[in-house]
Amino acid sequence: MSATALVLVAVGLSIPSGTPVAAQAAAAAACPEPARPTVKILTVGDSITLGSTMTESVTIGYRKELGGLLDQFCVPYEFVVSAVGGTTCNFWLARMADLVTTYRPNLILLNCGTNNNLSNATSAQIAAFEATYRALFDTALDLDPNVIMYPSWVQYSSGHGTDGCTTPPGPSPAWLPASEAKVNDAIYRSIRVIDEYGDRVPNFIDNQSIPEGYLDQCGVHPTPGGYDVMGRLAYNAIAPRLGVPQAPLPCGLVGRRPGYPVGHWVPCARMNLN
């Protein structure tokens, strides 16, 4: 894909079109009137944000589960998707100002860095990445005093593919896991120094806690089940800001402190989310 994918959709309290009329009425009645203000959520990133293992659409990828949870807790919302496969954080730095001024989101969920190869990076290259990541936040938060922004630690890929790998661009490069560990550590350091914005950068979306068992056969993109976990992690990051309950996570997912080795993961037998 050569151009930035920009899609805006109002999803609100979205009820599947096949839902019986009585069930639709019950779902609508469960939410108080008047409805709370609509939350506009800008999701920015690469093919993982786009939803590459699913039919590409604004309501798929991690947004499907995230939107379902927001519906459940009566939070009206709109998603703005700005995602291009293969892009780095540097790509988004040149575009962040336009995204903020054009769409005026309430929340920005940023997930970039997987394609920034830091596996053999020098200290100067890592420092440059940190500066770029920090500048993404400086740009958005300076432009709009009301926007809240969430950084994401990237999910670890497998560094290989298995038989049946068909998702472009193919098997996960061997350098990715080592690079992603350095990316996550650099993101952690970048955000730690942003203190002038107070609670406008409340916490991290912990995608690094998603184990390899939730990757597709190519070893880099989440499966649909992996996107469900990703959606719940995103929801739990923004839930305190929205004043809604946390959602349970499968199989006792836990995070990794940046700078420490990735733990040994035992893949879940099944999602068992609901």
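Not measured: the values here are computed from a predicted model.

**Student:** Which residues make up the state of the cysteines, and what values do they have?
**Tutor:** Scanning the model with the defined rule gives three disulfides in all. Two residues share a disulfide in this structure: C31 and C74, whose sulfurs sit 2.1 Å from each other. As the torsion about the S-S bond is roughly -85 degrees, the C31-C74 disulfide counts as left-handed. Here C74 lies in the loop between helix 3 (62–72) and strand 3 (77–83) and C31 lies in the loop between helix 1 (21–29) and strand 2 (39–45), a separation of 43 residues in the sequence. For C74, a relative accessible area of 16% gives the class buried. Here C89 engages in a disulfide with C112; their sulfurs sit 2.1 Å apart. Its torsion about the S-S bond being 105 degrees, the disulfide of C89 and C112 is classed as right-handed. Taken as a pair, C89 in helix 4 (residues 89–93) and C112 in the loop between strand 4 (107–111) and helix 6 (123–143) lie far apart in primary sequence, 23 residues in all. Judged by relative accessible area, C112 falls into the buried class, the value being 0%.

**Student:** Please provide a residue-by-residue account of the pattern of salt bridges, values included.
**Tutor:** Inspection of the entire model under this criterion finds four salt bridges. When the shortest N-O distance is used, the salt bridge between D144 and R104 registers 3.5 Å. Highlighted residues: D144 in the loop between helix 6 and strand 5 (148–153) and R104 in the loop between helix 5 (96–103) and strand 4, separated in sequence by 40 residues. For D144, a relative accessible area of 7% puts it in the buried group. Among the residues examined, R104 registers a relative accessible area of 42% and is labelled partly exposed. Measuring nitrogen to oxygen at the nearest pair gives 3.6 Å for the salt bridge that ties D199 to R241. Here R241 lies in helix 8 (residues 224–242) and D199 lies in the loop between helix 7 (176–192) and strand 6 (205–206), a separation of 42 residues in the sequence. Judged by relative accessible area, which is 52%, D199 ranks as exposed.

**Student:** Run through the environment of L107, naming residues and quoting values.
**Tutor:** Along the polypeptide, L107 turns up in strand 4. Each C-alpha atom, one on L107 and one on V201, is 10.0 Å from the other, the two residues being 94 residues apart in sequence. Leaving out residues up to four positions away in the same chain, L107 has contacts with V39, K40, I41, L42, I148, Y150, I238 and R241.

**Student:** Let's hear about the packing of aromatic side chains: which residues, and what values?
**Tutor:** One pass over the structure, following the stated rule, counts eight aromatic pairs. Measuring from centroid to centroid gives 4.3 Å for W153 and F204, while their planes differ by 5 degrees, and the two rings are stacked. One end of the pair, W153, is in strand 5; the other, F204, is in the loop between helix 7 and strand 6, and 51 residues separate them in sequence. By relative accessible area, which is 10% here, W153 ends up buried. Each residue in the set F129, Y133 and F137 is aromatic and connected to the rest through ring pairs, giving one cluster. Above the face of the Y62 ring, R63 is positioned so that its terminal group lies 5.8 Å from the ring centre.

Procedures and definitions
- Residues numbered from 1 in each chain as written.
- Predicted model: local features only at pLDDT ≥ 70, side-chain atom pairs only at ≥ 80, totals over all residues.
- Heavy atoms only, no water.
- Disulfide = S-S within 2.5 Å.
- Helix = DSSP H or I, 4+ residues; strand = E, 2+ residues; numbered from the N terminus.
- Buried < 20%, exposed > 50% of the residue type's maximum accessible area, 1.4 Å probe, protein only.
- Salt bridge = Lys/Arg side-chain N within 4 Å of Asp/Glu carboxyl O.
- Contact = heavy atoms within 4.5 Å.
- Phe/Tyr/Trp six-rings, centres within 6.5 Å; stacked < 30°, edge-to-face > 60°.
- Lys NZ or Arg CZ within 6 Å of the ring centre and 35° of its normal.

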